Amino acid sequence: QVQLVESGGGLVQAGGSLRLSCAASGRTLRTHTMGWFRQAPGKEREFVAAITGLGRVTAYAGSMEGRFTISRDNAKSTVYLQMNSLKLEDTAVYYCAADSSPISATITWDEYNYWGQGTQVTVSS
């Protein structure tokens, strides 16, 4: 079992930045690919970014590449999502997720086994 707790969400103006954190417990983090997903009201869950177990491979959704950066510190059992140049359409609940494998930067939500409770990000004009 892996327990995930997100933090760092909040209200930010368009063009601003936020850094989300995901603290993991229960198992060695390097044995899991980690992902960030988001869900806006009335919309389906959307892939944001993923990073493999040792951090060697990352993947991003097209609209976020260049603005968001996923990273991890396995010694601290924490995964981060640095979000820059935020847009109104980035408003959503952001979820951290853990895959059962550390090998691939998985982009599909149903391949992730463990989920956090989510943190709200609201971008205002």
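Residues numbered from 1 in each chain as written. Predicted model: local features only at pLDDT ≥ 70, side-chain atom pairs only at ≥ 80, totals over all residues. Heavy atoms only, no water.

Please explain the environment of Ser63 as it appears in this structure.
Looking at the element boundaries, Ser63 is found in the loop between β6 (58–60) and β7 (68–73). Linking Ser63 and Val48, residues 15 residues apart in sequence, is a C-alpha distance of 8.7 Å. (Helix = DSSP H or I, 4+ residues; strand = E, 2+ residues; numbered from the N terminus.)

In this structure, what is going on with the pairing of strand β4 (residues 34–39)? I would like to understand it.
Both faces of the sheet carry side chains from a regular strand, because those side chains alternate between them. Among the six residues in β4, five count as buried, and that is most of the element. What sits between the antiparallel neighbours β4 and strand β5 (residues 46–51) is a turn of six residues, in which Gly42 has the positive phi angle 80°. In terms of strand pairing, β4 meets strand β9 (residues 92–99) through six bridges, oriented antiparallel. Bridge pairing in β9 places Gln39 opposite Val93. (Buried < 20%, exposed > 50% of the residue type's maximum accessible area, 1.4 Å probe, protein only. Pairing = 2+ DSSP bridges.)

Just checking my understanding: could you explain the state of the cysteines for this structure?
In a disulfide, the sulfur atoms of two cysteines are covalently bonded to one another. Tallying each qualifying case throughout the model produces one disulfide. Put simply, Cys22 and Cys96 are joined by a disulfide, and their sulfur atoms are 2.0 Å apart. Sign of the S-S torsion, about -75° for the bond between Cys22 and Cys96, identifies this disulfide as left-handed. One end of the pair, Cys22, is in strand β3 (residues 18–25); the other, Cys96, is in strand β9, and 74 residues separate them in sequence. By relative accessible area, which is 0% here, Cys22 ends up buried. (Disulfide = S-S within 2.5 Å.)

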